[in-house]
Amino acid sequence: MEHRVFVTFDGLSAPRWIDEYLRDNFGTFGEKWWAQCVTDNWDNNTNCYYFEDIEQAERFEFIARLANDKCSIRSK
């Protein structure tokens, strides 16, 4: 899984909708997508979401930007 999207959010946990959306639209965690916490702070954190192909990553990035949960989103 070489396509990544980073989501920085306030607090300790990512917005709840993210995992639900990914499960419903991309399939099983670990098979079609993967997530990893890359920071561990009280005020804000960043999760990295990994995808099999660029289309999945772009689709997730687009939806995350639309949700506008006061998150910072970037892809690599």
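Preceding this section is the structure that the text describes.
So, here is what we can say about the structure in this document. (Residues numbered from 1 in each chain as written. Predicted model: local features only at pLDDT ≥ 70, side-chain atom pairs only at ≥ 80, totals over all residues. Heavy atoms only, no water.)

## Comments concerning the nonpolar core
Then comes step 1: Counting residues in hydrophobic clusters, the biggest one holds 15 residues, and the most contacted among them are Val 5, Val 7, Leu 22, Phe 26, Tyr 49, Phe 51 and Phe 60.
Then comes step 2: For this core, the elements supplying multiple residues, two or more each, are strand E1 (3-10), helix H1 (16-26), strand E3 (44-51) and helix H2 (54-67).
Then comes step 3: In this view, Phe 51 contacts Met 1, Glu 2, His 3, Val 5, Leu 22, Phe 26, Lys 32, Trp 33, Gln 56, Ala 57 and Phe 60; residues no more than four positions away in its chain are not counted. (Core = buried A, V, L, I, M, F, W, Y, C linked by side-chain atoms within 4.5 Å. Buried < 20%, exposed > 50% of the residue type's maximum accessible area, 1.4 Å probe, protein only. Helix = DSSP H or I, 4+ residues; strand = E, 2+ residues; numbered from the N terminus. Contact = heavy atoms within 4.5 Å.)

## Some details on the packing of aromatic side chains
Then comes step 1: Summed over all chains, the structure comprises seven aromatic pairs.
Then comes step 2: Considering the side-chain rings of Tyr 21 and Phe 26, the 6.0 Å spacing of their centres and the 80 degrees angle between planes classify their relative orientation as edge-to-face.
Then comes step 3: Since its relative accessible area comes to 15%, Tyr 21 is described here as buried.
Then comes step 4: Overall, the relative accessible area of 8% leaves Phe 26 in the buried class.
Then comes step 5: Grouped by ring-pair contacts, the aromatic residues Trp 17, Tyr 21, Phe 26, Tyr 49, Phe 51 and Phe 60 constitute a single cluster.
Then comes step 6: Lying across the ring of Phe 6, Arg 74 places its NZ or CZ 4.3 Å from the centre. (Phe/Tyr/Trp six-rings, centres within 6.5 Å; stacked < 30°, edge-to-face > 60°. Lys NZ or Arg CZ within 6 Å of the ring centre and 35° of its normal.)

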